[in-house]
Number of protein chains: 2
Amino acid sequence: MADVRTALAEAVGEEHVLSGDAVPPEYGRDESLGVAGVRPDLVVRPADAGQVAAVLKVAGEHGLPVTARGSGTGLSGAAVPRPGGLVVSFERMNRILEIDADGQVAVVQPGVTLAELDEATAAQGLVYPIFPGEGSASIGGTVATNAGGMHAVKEGVTRHHVLGLEAVLATGEVIRTGGRYVKTSTGYDLTQLIVGSEGTLALVTEVTLRLRPRLPHTAGVLAPFPGTEPVTAAIPRLTGGGLDPLVLEYVDVLAMSAITQNAGLDLGVPQEIRDAAGAYLLVVLGNRSAERLDEDVQTLGEQLAGLGAADVYVLQGEPLRKLITAREGAFWAARAAGANAIVDAVVPRTALARFFAAVPEIAGRHGALIGGCGHAGDGNVHLSVFQPDDEALAEAMDELLAAAAELGGTISGEHGIGREKIRQFLALEDPAKVALMRRIKTSFDPDGILNPGVLFG
Amino acid sequence: MADVRTALAEAVGEEHVLSGDAVPPEYGRDESLGVAGVRPDLVVRPADAGQVAAVLKVAGEHGLPVTARGSGTGLSGAAVPRPGGLVVSFERMNRILEIDADGQVAVVQPGVTLAELDEATAAQGLVYPIFPGEGSASIGGTVATNAGGMHAVKEGVTRHHVLGLEAVLATGEVIRTGGRYVKTSTGYDLTQLIVGSEGTLALVTEVTLRLRPRLPHTAGVLAPFPGTEPVTAAIPRLTGGGLDPLVLEYVDVLAMSAITQNAGLDLGVPQEIRDAAGAYLLVVLGNRSAERLDEDVQTLGEQLAGLGAADVYVLQGEPLRKLITAREGAFWAARAAGANAIVDAVVPRTALARFFAAVPEIAGRHGALIGGCGHAGDGNVHLSVFQPDDEALAEAMDELLAAAAELGGTISGEHGIGREKIRQFLALEDPAKVALMRRIKTSFDPDGILNPGVLFG
């Protein structure tokens, strides 16, 4: 242990190695509701890729399990280390290295937060369009989980915007993948393989991101519907209706009540409409022209009314921002209300109605209260599950995720498998694919030092 | 050999195995200018994934090298088999299985051509926005090379639209990856790993594609410029100018002359403007509203004039279609003119000027004539190289690709490495990455039966 500490101190400097009781417990946990924190034996805070490489060489020599850590805002326990393990915290690698406005590219270190990047890109009229609802999330963390968020219906997810990486392999080799371009056909796409790998293949030390022009004008329309059926029927009409929504969210009445109360928000929806509502859609449009946006909002309102909305409420500026923030805080509202688990499953957009029909049946079978909201345009459902009994909760979660898989969906849209969903991942995934993924893991990390236990158990 | 033939006949039916002199030579080549055809010993034409799996089991047992074949329109020799090898032709797996308009998804077999899919999606007001310039290309082939094309500046490349695959591993195991959704964070992205792998990791037997609403109104603006410098300076202004071009192509005067002559096309550009032109930009906009399109074309014309265009020519309908078709035929025009090699390198958009400055120097050093056109919005340069001397040609190609790599670009944007660019790939790529790719290859295909020699030599 003393040897290891000395070697790590040589790698990153004595003041950037924490060990034993000096390790703050925060380094051992993320925001997962289902994975208990584990205080690591060691934490290092490298300053650059060279230091990360030196750390991985030490870890390799001593067989130390290594867990990368960004902001610790993950929801699946992927940043929870192994007992006796080493956490590599990217808190010092937090610089925006470049915003290349002409190339529409940002080059950032992994510890930069989404909020910091949003501020820097806004100053140039650009945007990195990944808004998973937590501005304090680090870029490195969002790359590790392939974060999605609200704008994915229009802009896609993290992997669609990561053009290149610098990453350190378990051997300590530093590689650069991709570059400041979209098109390439030069061998296997290592960038895309590392994105979403939850720290199990390599440690990312620099990210090249594709930026988009920031649309200066946005407006939202909130539409209460009598129930979930007209909502699910409306979704393909809205995604196919030509308006190309930036955001297309549904919020059920339980979640709407929780998020508005949690945020102290009054949307101006009259009590009788609220009482009659069964679910809400929130559609946000963006445009570079205020006039075109107004026209589109008018068209959208007519579309929504034609699809059965009880009314439409146009929100712009501060009221829209507040509602979006409240919606983004749905996880915190659920946690404050005592949710025991959360779901971020995805089903094909056209299977949402069937998934929503399955949810109350599962809830009923296991005495659980289940409600939520989600990225309807992507079929990405965020549910909060209230069932304090561990066994009943586990059964309900197994059935919810199995229902998504059976409908041709996936058990996690953006939170990742981490340590939390390993049981369901291994139970529901094709064993031939899991075996192939394990072989890929070995091709990167033969000794299994990178985030062991995550994904595969 | 008789054993193998019998086993393959059991797998796909006697009438779908060709061997020896009965193999038409076309099965041994693609459109690469630099890779000679190799007639395979055997060709099989499977009807479904089960038959492909049975074929791969036979190949594995007998150590037969296997090369997948779509339409044979590839430009890098990746469909050229090994001597003594087996070609798996997907010509019978050519059905569009479903166009799911509500889900904006198509499910197709690999032998479907882009033109066939375009016709089927158009009927539903949708589009699969990958237009690499060859409508007879098969979907399987475009997945294998991660095809890009003209619309990539707005819509991205093949990998951004492939949601899921059915694929047969070298072991004969059939896996399904992804599905009818964009968001997923459930282990390594096998879909993205197989896309662009040029038949070396698995044989794709079904593809689930993301479709987009088809914009009903399009218009192009052709702008002659006095030289390449104002053209390269204009590109970031146009990509960042808010009009979100669907197509942003540059064509140099040599290429413009070749493609218009080859197509017998008169663009109505007066002789004195043509004489003074140093390069052309072609910008295409699309919109769901004819009125908005007209406004945008007006704005675009003003932008182009402000950026130094000598004039602007608005093209719609048939004239636009003809020019696009002529531009798509640039490869055939170059071939007809006797080009000895082609380049499809990519550089960061902002490095185009430096790349264009390097090209005449390289041409001069090696006595080559080099001209071309390309997907300027993506920094993707298509050059035709005229130099009949093999050695001088090889040196010029090495230097052109090295120049792209040195500018932070990539040696192939969409054609792939195949058998043609192996030397430059291995010379210019980081050996640590090549070694990692070889290990990934082994994790899929331990005996190396899938397209051996392609990519790695």
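Quick caveat: nothing in here was measured; it's all calculated off a predicted structure.

What about the pattern of salt bridges?
As enumerated under the stated definition, the model contains 50 salt bridges over all chains in all. Residue E91 of chain B is joined to R45 of chain B by a salt bridge in which the shortest nitrogen-to-oxygen separation is 4.0 Å. With E91 of chain B in the loop between β4 (86-89) and β5 (96-100) and R45 of chain B in the loop between β2 (42-44) and α2 (49-62), the pair connects residues that are 46 residues apart, well separated along the chain. Each of the salt bridges in this network shares a partner with another, and the network as a whole consists of K154 and D244 of chain A together with E155 and R212 of chain B.

Looking at the domain arrangement of chain A
All names here are of chain A. Split into domains, chain A comes out as domain 1 (1-89), domain 2 (96-213), domain 3 (215-334) and domain 4 (338-445). The straight-line distance from the C-alpha centre of domain 3 to that of domain 4 is 25 Å. The interface of domain 3 with domain 4 comprises 15 residues on the first partner and 21 residues on the second. Run the count over domain 3 and domain 4 and you get zero salt bridges. The interface formed by domain 3 and domain 4 includes eight residue pairs in polar contact (both at pLDDT 80 or more). In terms of residues, the side of domain 3 that touches domain 4 owes the most to one element, strand β13 (residues 247-252), which gives five residues. Among the residues making up the side of domain 3 that touches domain 4, the classes are represented as nine nonpolar, three polar and three charged.

A look at the side chain of S185 of chain A
Among the secondary structure elements, S185 of chain A is positioned in the loop between β9 (174-178) and α6 (190-194). Under the relative-accessibility criterion, S185 of chain A is labelled buried at 2%. At a separation of 2.8 Å, a polar atom in the side chain of S185 of chain A contacts the main-chain carbonyl oxygen of T145 of chain B.

Focus on helix α14 (residues 390-406) of chain B
Residue and element names in this part refer to chain B. Counted at 1.5 Å a residue, the expected span for α14 with its 17 residues is 24 Å, and the 24 Å between its end C-alpha atoms agrees. A392, L393, A396, M397, L400, L401, A402, A403 and A404 are the residues of α14 that are buried. Of the surrounding secondary structure, the elements contacted by the buried residues of α14 are β16 (341-343), α13 (352-365), β17 (369-375), β18 (380-386) and α15 (422-428). G408 sits one or two positions beyond α14 and adopts a positive phi of about 85°.

What to know about the interface of chain A and chain B
Taken residue by residue, the interface counts 83 residues in chain A and 83 residues in chain B. When chain A packs against chain B, the two sides together hide about 6,400 Å² of surface, and 53% of this comes from carbon and sulfur. Three residues stand out in chain A for area buried against chain B, namely K183, S185 and Y188 of chain A, and they jointly supply 15% of the buried area on that side. Put simply, chain A and chain B have 14 salt bridges between them.

Rules behind the numbers
Residues numbered from 1 in each chain as written. Chains lettered and ligands numbered in written order. Predicted model: local features only at pLDDT ≥ 70, side-chain atom pairs only at ≥ 80, totals over all residues. Heavy atoms only, no water. Salt bridge = Lys/Arg side-chain N within 4 Å of Asp/Glu carboxyl O. Helix = DSSP H or I, 4+ residues; strand = E, 2+ residues; numbered from the N terminus. Domains from an automatic or database assignment. Contact = heavy atoms within 4.5 Å. Polar contact = N/O pair within 3.5 Å; in protein donor to acceptor, adjacent residues only side chain to side chain. Nonpolar A, V, L, I, M, F, W, Y, C, P; charged D, E, K, R; others polar. Buried < 20%, exposed > 50% of the residue type's maximum accessible area, 1.4 Å probe, protein only. Expected span 1.5 Å × (residues − 1). Buried area = accessible area lost by both parts, 1.4 Å probe.

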